[in-house]
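Residue strings, one per chain:
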Amino acid sequence: MSEDKLSKIVSLCKRRGFIFGGSQLYGGLSSIWDYGPLGILLKKRIKDIWWQEYVEKREDIVGLDSAIIMHENVFLASGHLSGFCDELVDCPQCKKRFRPDKAEKIGEKLYRCPYCGIEVDVTLYKPRKFNLMLKANLSAVEDSPLWGYLRPETAQGIFVNFLNVINTTHKKLPFGIAQIGKAFRNEVTAGNFIFRMKEFEQMEIEYFVKEEEADKFFEEWVKDRFNFYIEKMGLKKENLRLREHTKEELAHYAKRCVDIEYNFPFGWSELEGIANRTDFDLSSHSKVSKKDLSYFDEEKKERIIPFVIEPSAGVDRTFFAIICDAYDEEIVKGRLRVVLRLKPELAPYKVAIFPLLKNDDRLVELAKKIFYDIKNKISSVYDDTANIGKLYRRQDEVGTPFCVTVDHQTIMDKKVTIRDRDTMEQERVSIERVFEFVRERLNEEYFIS
Ligand code: GAP
């Protein structure tokens, strides 16, 4: 994999409506991205599958959707107000700020500015700490602000609702609270597409356990989440690995952390972190809020603060890894074919339906009829805006597993041609069997109910 592959992926995402630059009309904003019509379909599939696996199929995990804007004291307790900082250097030439730890190191104290390329001596231009959290003024009066913070992780919404969830669901340990939602960080490192964004989405579970069981559940979650990427997201095993955090790297709240890394075009990088957060968060929120967040252990007949195992995944990084893994090029009849070999369950459209000729009313009418019959059962698209060769290419590039073509023969024998994305083999199938044909080849669980 190479930088070349990265630029091809960025270009495909833009060309086919997966991802656009944020506020592009006005010159864009660095590290902020918008998901287009195709991107949102793939992103929704990722989130739906995660939610089905962990909330719908399991009895021990419940869901939550807490607010993005949170009270300042939440982050006093969590440690984000004091500790969630990046060290940044002000470039004396272009005046932009950069992280020396992510910049090219040229000498003992010399770094290259990633924006204008000059050498910056950090003994002269000393790094300063900047908090990564984004503030919002919640006051109606400008001159007496009331600061709230956009959460930098969805996790804190779970901890502050711990008592509410226990009191309303009567869950017993071990149990988890899952949440999918936006998080915000004022990241300064640009580049690498959607890898590091200022506004991104997380899928987090806080799994509450007894202290003596924390190590066992930690191991189970690492295995479970690693397999999820292979079995449910279709990533190749050789592109995934585990990496244990060193003591120096561990976040202030963590006793242990293992990252699931993906081999992105720019190298191995974090896809998800699984941490043992101990009893840090609940203890700290108890202290700051002065509310008792302990749990009554029926066996021990005493109140305890549960430990927390946290599998914390990024929706955008999962999306990115899926596209990188599925991207493929091959030469077919002397021409380059770009194909996104997505796991069919994830594909934005499962079926595309075309008439062979857009100016033949009989073909158009029949193709539209097939489309309207199938579209409420499975995600499909109708297209007649190009010739058949281009229509196939478009669908290959967005990973549509099946293309259905209505031709003149269809009028006579009531059969269509179904083309398989991966093999490009074509089969004649009767019109009333189109949906069955697709259903037999895809995982039924993910059909529109
Ligand atoms: N609650 C723990 C936590 O937030 P993290 O390692 O900082 O831990 C968890 O983030 C996951 O969220 C990462 O593995 C990554 O997938 C995603 N993530 C974090 N920062 C991100 C960013 N700036 N842009 C995109 N995804 C990000």
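As a starting point, this report considers the structure included with it. (Residues numbered from 1 in each chain as written. Predicted model: local features only at pLDDT ≥ 70, side-chain atom pairs only at ≥ 80, totals over all residues. Heavy atoms only, no water.)

**Structural notes on the overall build of the protein**
In step 1: Scanning the protein from terminus to terminus reveals 13 helices and 27 strands.
In step 2: Counting only C-alpha atoms, the protein reaches 75 × 65 × 50 Å along its principal axes.
In step 3: In the protein, the proportion of contacts linking residues at least 24 apart, taken out of those at least 6 apart, comes to 63%.
In step 4: For the protein, the computed accessible surface area is about 22000 Å², with 50% contributed by carbon and sulfur atoms.
In step 5: Charged side chains in the protein number 73 positive and 75 negative. The centres of these two groups are separated by 3 Å. (Helix = DSSP H or I, 4+ residues; strand = E, 2+ residues; numbered from the N terminus. Contact = heavy atoms within 4.5 Å. Areas by Shrake-Rupley, 256 points an atom, 1.4 Å probe, with all protein chains shown as cover. Lys, Arg positive; Asp, Glu negative; His and termini not counted. Charge placed at Lys NZ, Arg CZ, Asp CG, Glu CD.)

**Describing helix α10 (residues 361-374)**
In step 1: For α10, built from 14 residues, the straight-helix expectation of 20 Å at 1.5 Å per residue is met to within 8% by its first-to-last C-alpha distance of 20 Å.
In step 2: Every buried residue of α10 is accounted for by Leu363, Val364, Leu366, Ala367, Ile370, Phe371 and Ile374.
In step 3: Its side-chain oxygen at 3.1 Å from the backbone nitrogen of Arg362, Asp360 defines the N-terminal cap of α10. (Expected span 1.5 Å × (residues − 1). Buried < 20%, exposed > 50% of the residue type's maximum accessible area, 1.4 Å probe, protein only. Polar contact = N/O pair within 3.5 Å; in protein donor to acceptor, adjacent residues only side chain to side chain.)

**Let's talk about the pattern of salt bridges**
In step 1: Here the structure, examined in full by the defined rule, presents 51 salt bridges.
In step 2: The closest approach of N and O atoms between Glu249 and Arg243, which form a salt bridge, is 2.8 Å.
In step 3: Residue classification places Arg243 among the partly exposed residues on the basis of a relative accessible area of 26%.
In step 4: A salt bridge links Asp422 to Arg421; its shortest N-O distance comes to 2.9 Å.
In step 5: Residue classification places Asp422 among the partly exposed positions, given a relative accessible area of 35%.
In step 6: For Arg421, a relative accessible area of 3% puts it in the buried group. (Salt bridge = Lys/Arg side-chain N within 4 Å of Asp/Glu carboxyl O.)

**Brief notes about the site of the ligand**
In step 1: Around the ligand sit 20 residues, and of these Glu153, Arg185, Glu204, Glu270 and Leu271 come closest.
In step 2: Between the ligand and Leu271 there is a distance of 2.8 Å, counted from an oxygen atom to a backbone nitrogen or oxygen.
In step 3: Here the element with the most residues in the shell around the ligand is strand β17 (residues 267-278); it accounts for five residues.
In step 4: In terms of residue class, the shell around the ligand is built from six nonpolar, four polar and ten charged. (Near = heavy atom within 4 Å. Nonpolar A, V, L, I, M, F, W, Y, C, P; charged D, E, K, R; others polar.)

**Digging into a nonpolar patch on the surface**
In step 1: Taken together, the side chains of Ile68, Ile69, Leu138 and Leu146 make up a nonpolar region of the molecular surface, amounting to roughly 330 Å² of accessible area.
In step 2: Tracing the sequence through the fold places Ile68 in the loop between β3 (61-64) and β4 (69-71). (Patch = residues over 30% accessible without salt bridge, like charges linked within 9 Å, V, L, I, M, F, W, Y side chains within 5 Å.)

**Section: the pairing of strand β23 (residues 351-355)**
In step 1: For β23, the buried fraction is high: five of the five residues fall into the buried class.
In step 2: Sheet topology places β23 next to strand β24 (residues 380-382); three bridges connect them, and they run parallel. Bridge pairing links Ala352 to Val381 in β24.
In step 3: As judged from the five bridges shared by β23 and strand β25 (residues 402-406), these two strands associate in the parallel manner. Within β25, the position partnered with Val351 by the bridge is Phe402. (Pairing = 2+ DSSP bridges.)

**As for the state of the cysteines**
In step 1: Across all of its chains, the model carries zero disulfides by this definition.
In step 2: Between Cys85, a free cysteine, and Cys257, which holds the nearest cysteine sulfur, the sulfur-to-sulfur gap is 19 Å.
In step 3: A relative accessible area of 26% means that Cys85 is categorised as partly exposed.
In step 4: This cysteine, Cys91, is not joined by any disulfide, and Cys116 carries the nearest cysteine sulfur, 3.6 Å off. (Disulfide = S-S within 2.5 Å.)

**Brief notes about the sheet that holds strand β26 (residues 415-420)**
In step 1: Taken in spatial order, the five strands make up an open sheet running β24-β23-β25-β26-β27, and their pairing is mixed. The two strands at the open ends of the sheet, each matched to only one other strand, are β24 and β27 (426-430). For this sheet the average axis-to-axis angle between neighbouring strands, irrespective of direction, equals 25°.
In step 2: Of the pairings in the sheet, the one linking β26 to β27 comprises five bridges and is antiparallel in character. Pairing of Arg419 across the sheet is with Gln426, part of β27. (Axes fitted to C-alpha atoms, helices over the stretch in contact; angles between N-to-C directions.)

**Considerations on the packing of helix α2 (residues 37-56) against helix α7 (residues 214-231)**
In step 1: Contact geometry of α2 with α7 gives a least axis separation of 12 Å together with a crossing angle of 145°. In the packing of α2 onto α7, the handedness of the crossing is right-handed. Across the interface between the two elements, Ile49, Trp50, Glu53 and Tyr54 from α2 touch Trp221, Asp224, Arg225 and Phe228 from α7.
In step 2: Grouping the constituent residues of the contact of α2 with α7 by class yields five nonpolar, no polar and three charged. (Left-handed = near helix turned anticlockwise from the far one by under 90°.)

**Considerations on helix α9 (residues 315-326)**
In step 1: Taking 1.5 Å of rise per residue, twelve residues should cover 16 Å, and α9 covers 16 Å from first to last C-alpha, within 8% of that figure.
In step 2: Taken across its twelve residues, α9 has twelve buried, putting it largely inside the fold.

**Structural notes on the sheet that holds strand β7 (residues 104-107)**
In step 1: A sheet is described by the order of its strands in space; here three strands give the open sequence β7-β8-β9, paired in antiparallel fashion. Since the sheet does not close on itself, it has two edges, and those belong to β7 and β9 (119-121), each with one partner. Neighbour-to-neighbour, the strand axes of the sheet open up by a mean angle of 35°, direction not taken into account.
In step 2: Inspection of the sheet shows strand β8 (residues 110-112) paired to β9 by three bridges, in the antiparallel sense. When the sheet's bridge partners are listed, Leu110 is paired in β9 with Asp121.

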